[in-house]
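A structural walkthrough
Single-letter residue listing:
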Amino acid sequence: MMGITAQRSKGSRRHEDRLDLNELGDAPEVGSLPDSQLLCARNLTRRDHGRGHVILHSVSLTVTAGERIGLVGPSGSGKSSLLRAIARLDRCDAGTVTFEGKEVERDAIPPFRRRVIYLPQRPALWAGTLRMNFQMPFRLAVSDQPYQESTVIALLDDLGKPASLLDQPVDSLSGGEQQIAALIRAMILDPLILLLDEPSASLDPESTVQLEQMVSRWHQSPSPRSDHSRAFIWTSHNADQIGRMTTRVLRIEKGVLEGGRGQ
Amino acid sequence: MNPWLDAFAPLLGQLPARTASDLSLSWIEVGIAASLLAINAAVSLLLKLGLARQIATSSIRMTIQLAILGLVLKQIFDLSMAAPVLGLAALMTVVAGISAIRRIDIRFTSIYPTAIFAVWTSSWVVTAVTVLMIVRPQPWYSPQVVIPLLGMVLGNSLTGISLGLERFLKELRQRRGEVEGLLSLGATRWESCRDLFAGATRTAMIPILNTMSVAGIVSIPGMMTGQLLAGAPPIQAVQYQVMIMFVIAAAIALGVVIALAITYRKVTTTDHQIDWEQIRWAKKL
């Protein structure tokens, strides 16, 4: 793990010991600190109405501040569907998502999706330059902060990439660069939780290392706009990666989350 | 003398020349035009296009459809009552709405009612304005004014709605990643679809804008041709043609915006999601 010492000034004091536990590989006890509970999904159920089978079967899940959750399961078991359901991107047949104590529905959803960002396995950049991609989310109605290029340049610099990359059209980037660009695009919005859907599935080893380092650095630095520590859910088929990156592992199979069935 | 002309002399002799003010045709003369289809048949056979059968069925189908229309119009003209005119107009409108969808291969639940509603509202509003405020025939329901005007408006409006809906739904599916990218970074459902909505509206308007820009240079448009053949003064024919072009352009804009607005509300949810299960390819085309 990198950068553990160079971390947190404000906002994370009360989670410090919890994070130290994380470094030792222990899972935080869910619900021991009610105010550190960031997100709570309850009984999420989704059916495929065309084919009639159940995609998510009453899945419940809690994310506390600072958690690094691994979500594993075979292909088609519902990993992506669960992350998408948490981000409220799919229409579910039942279930609720609460974030910071409030149920997330209707017009609360766009601001919620700035705080809890879903990153798909295949990065979806918009045609145009990299800069345009980073600026676009700041033009949305939900945006309450201006685009600051210095933040982007600092992140690129961490990766050893020049600022001139910003003027490149996105289709000239490699798959790995696109995935990392999508990650930067999300990070500059200052989310509290990242939902990473097999982020390194199509990356070469070098890009995978860069991506893991970026997520770890992001996770360890405090959010300027929240007292809570950042958290993420990471899905992967790579057991080593799950071991490296996460401290609590949840298994999903055929839409049922192990230990995650609702009441 | 040309031996070909000699051969046709007896036939031509039976066809009296007439003055330009009376250009009514007999069915024999329509038959001569039909024989020109032999050109299409020859091309199809020579190039092995395999269209001979389709040329035959399309021709027969068109003739029967128009013959029935002629008979119905004759009855309605003779009756001179509002109800039959409105009844025929309603039938034409519903058929236009259905045709708008039949030619595209991507659907959502209730796409047919959506198209019929959009065609109906846009065409009837625009035609009503044209008939009641511009042409002002006596009585207002004069079928020889209302039916051809509505027909022209419907024909163009259905093309616009068809193009617009197809473009919107296909782009939504093809650019799913980009649309969801916007949603997952905090866009509202409108923000995520706004560009597709605008692009689809633009696509729907392009044919009429092209027609308007070449009218009179490349072709003499249909309504003007009709009026000239009927002996109307050229300036009046021009005035009518310009008027109908504006009317058609308005109907297309109104129709496609109504159709897209309903579609947008159907395929998105109040939770700012795209309801992907709604959108699917047509089973057969």
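These figures come from a predicted structure and were not determined experimentally.

Across its full length, chain A holds 8 helices and 10 strands. Taken over 263 residues, chain A has a buried fraction of 54%. Pairs at least 24 apart in sequence give 73% of the contacts found in chain A among residues at least 6 apart. When the accessible surface of chain A is summed, it comes to about 11700 Å², and 48% of that surface belongs to carbon and sulfur atoms.

A few words now on the pattern of salt bridges. A side chain with one charge can pair with a side chain of the opposite charge if their charged atoms come near. All names here are of chain A. Under the definition given, this model contains 22 salt bridges over all chains. Note that arginine 248 and glutamate 67 form a salt bridge whose closest N and O atoms lie 2.6 Å from each other. Of this pair, arginine 248 sits in strand 9 (residues 248-253) while glutamate 67 is found in the loop between strand 2 (54-64) and strand 3 (68-72), placing the two residues 181 residues apart along the sequence. The class of arginine 248 is buried, set by a relative accessible area of 16%.

Our focus in this paragraph is the domain arrangement of chain B. Residues and elements named next belong to chain B. Segmentation of chain B into domains returns domain 1 (23-79) and domain 2 (82-281). Measuring from the centre of the C-alpha atoms in domain 1 to the corresponding centre in domain 2 gives 27 Å. Buried area between domain 1 and domain 2, summed over both chains or domains, comes out near 550 Å², and the portion from carbon and sulfur atoms is 93%. Of all residues in domain 1, Leu23, Ile76 and Phe77 give up the largest surface area on contact with domain 2, accounting jointly for 67% of the area buried on that side. Here domain 1 and domain 2 share 0 salt bridges between them. Its residues assigned to classes, the side of domain 1 that touches domain 2 comprises 6 nonpolar, no polar and no charged.

Here we come to the sheet that holds strand 4 (residues 94-99) of chain A. Residue and element names in this part refer to chain A. Spatially, the 4 strands line up as an open sheet ordered 2-1-4-5, and their pairing is antiparallel. Both outer strands of the open sheet, strand 2 and strand 5 (102-103), are each paired with one neighbouring strand and no more. Lying over the sheet, helix 2 (residues 79-86) contacts strand 1 (37-47), strand 2 and strand 4, oriented at roughly 60 degrees with respect to strand 2.

This brings us to the nonpolar core. In terms of nonpolar packing, the biggest core is built from 68 residues, with Leu39, Leu82, Ile193, Leu195 and Ile233 of chain A together with Phe168 and Leu172 of chain B touching the most fellow members. When residues of this core are assigned to their parent elements, the largest contribution, 8 residues, is made by helix 7 (residues 143-174) of chain B. Contact partners of leucine 195 of chain A, with chain neighbours within four places excluded, come to Leu83, Ile86, Ala87, Val116, Ile117, Tyr118, Leu119 and Ile233 of chain A. In this structure, Met136, Leu155, Ile184 and Phe232 of chain A belong to the second largest nonpolar core, which totals 42 residues.

The next point concerns the side chain of glutamine 241 of chain A. Residue and element names in this part refer to chain A. Relative to the helices and strands, glutamine 241 resides in helix 8 (residues 239-245). Glutamine 241 gets classed as buried once you look at its relative accessible area, which sits at 1%. At a separation of 2.8 Å, a polar atom in the side chain of glutamine 241 contacts the side chain of glutamate 212. Here tryptophan 234 takes part through its side chain, which lies 3.3 Å from a polar atom of the side chain of glutamine 241. For glutamine 241, the contacting residues outside a window of four places in its chain are Ser200, Thr208, Glu212, Trp234 and Ser236.

With that out of the way, let us pick up the environment of glutamate 100 of chain A. Residue and element names in this part refer to chain A. Along the chain, glutamate 100 falls in the loop between strand 4 and strand 5. Sequence-wise, glutamate 100 and aspartate 227 are 127 residues apart; in three dimensions their C-alpha atoms are separated by 11 Å. In this structure, glutamate 100 is in contact with Leu38, Leu192, Ser226 and His228, ignoring residues within four places of it in sequence.

On to helix 4 (residues 52-79) of chain B, then. Think of an α-helix as 3.6 residues a turn; residues three or four steps apart then line up on the same face. Residues and elements named next belong to chain B. With 28 residues, helix 4 extends 41 Å between its outermost C-alpha atoms, agreeing within 8% with the 40 Å of an ideal straight helix rising 1.5 Å per residue. Within helix 4, the full set of buried residues consists of Ile55, Ser59, Leu73 and Ile76. Those residues of helix 4 that are buried are in contact with helix 3 (37-46), helix 5 (82-102) and helix 7. Backbone geometry just after helix 4 places serine 80 at a positive phi near 50 degrees.

Attention now goes to the sheet that holds strand 3 of chain A. Residue and element names in this part refer to chain A. Across the sheet, 6 strands lie side by side as 6-7-8-3-9-10; this open sheet has mixed pairing. At either margin of the open sheet sits one strand with a lone partner, and together these are strand 6 (116-119) and strand 10 (256-257). Against the sheet, helix 7 (residues 205-220) engages strand 3, strand 7 (193-197) and strand 8 (231-235), with an angle of about 155 degrees to strand 8.

Residue and element names in this part refer to chain B. With their axes 8 Å apart at the nearest point, helix 7 and helix 11 (residues 234-267) run at an angle of 35 degrees to one another. Once helix 7 is placed against helix 11, the crossing between them reads as right-handed. When helix 7 is examined against helix 11, the residues Leu149, Met152, Val153, Asn156, Ser157, Gly160, Ile161, Gly164, Leu165, Phe168, Leu169 and Leu172 are found in contact with a partner set consisting of Ile244, Val247, Ile248, Ala251, Ile252, Gly255, Val256, Ala259, Leu260, Thr263, Tyr264 and Val267.

This next bit is on the packing of aromatic side chains. The description of an aromatic ring pair uses the distance of the two centres, along with the angle that the planes make with each other. Using the criterion set out here, one finds 8 aromatic pairs over all chains in the structure. A centroid spacing of 5.3 Å and a plane angle of 90 degrees characterise the contact between tryptophan 140 of chain B and tyrosine 141 of chain B, whose relative ring orientation is edge-to-face. With centroids separated by 5.4 Å and ring planes inclined at 80 degrees, the aromatic side chains of tryptophan 190 of chain B and tyrosine 264 of chain B adopt a geometry described as edge-to-face. Note that tryptophan 190 of chain B is positioned in helix 9 (residues 189-214) and tyrosine 264 of chain B in helix 11, a separation of 74 residues in sequence. By relative accessible area, which is 34% here, tryptophan 190 of chain B ends up partly exposed. Here tyrosine 264 of chain B falls in the buried class, since its relative accessible area comes to 9%. A connected cluster of aromatic rings, assembled from ring pairs, spans Phe168, Trp190, Phe197 and Tyr264 of chain B. In this structure, arginine 185 of chain A is placed above the aromatic ring of tryptophan 126 of chain A, and the distance from its NZ or CZ to the ring centre is 4.2 Å.

So, on to the confidence of the model for chain B. Model confidence for chain B is summarised by a mean pLDDT of 89, while 92% of its residues fall at 70 or above. Predicted complex metrics record ipTM = 0.84 and pTM = 0.83.

About the thresholds
Residues numbered from 1 in each chain as written. Chains lettered and ligands numbered in written order. Predicted model: local features only at pLDDT ≥ 70, side-chain atom pairs only at ≥ 80, totals over all residues. Heavy atoms only, no water. Helix = DSSP H or I, 4+ residues; strand = E, 2+ residues; numbered from the N terminus. Buried < 20%, exposed > 50% of the residue type's maximum accessible area, 1.4 Å probe, protein only. Contact = heavy atoms within 4.5 Å. Areas by Shrake-Rupley, 256 points an atom, 1.4 Å probe, with all protein chains shown as cover. Salt bridge = Lys/Arg side-chain N within 4 Å of Asp/Glu carboxyl O. Domains from an automatic or database assignment. Buried area = accessible area lost by both parts, 1.4 Å probe. Nonpolar A, V, L, I, M, F, W, Y, C, P; charged D, E, K, R; others polar. Pairing = 2+ DSSP bridges. Axes fitted to C-alpha atoms, helices over the stretch in contact; angles between N-to-C directions. Core = buried A, V, L, I, M, F, W, Y, C linked by side-chain atoms within 4.5 Å. Polar contact = N/O pair within 3.5 Å; in protein donor to acceptor, adjacent residues only side chain to side chain. Expected span 1.5 Å × (residues − 1). Left-handed = near helix turned anticlockwise from the far one by under 90°. Phe/Tyr/Trp six-rings, centres within 6.5 Å; stacked < 30°, edge-to-face > 60°. Lys NZ or Arg CZ within 6 Å of the ring centre and 35° of its normal. pLDDT = per-residue confidence, 0-100.

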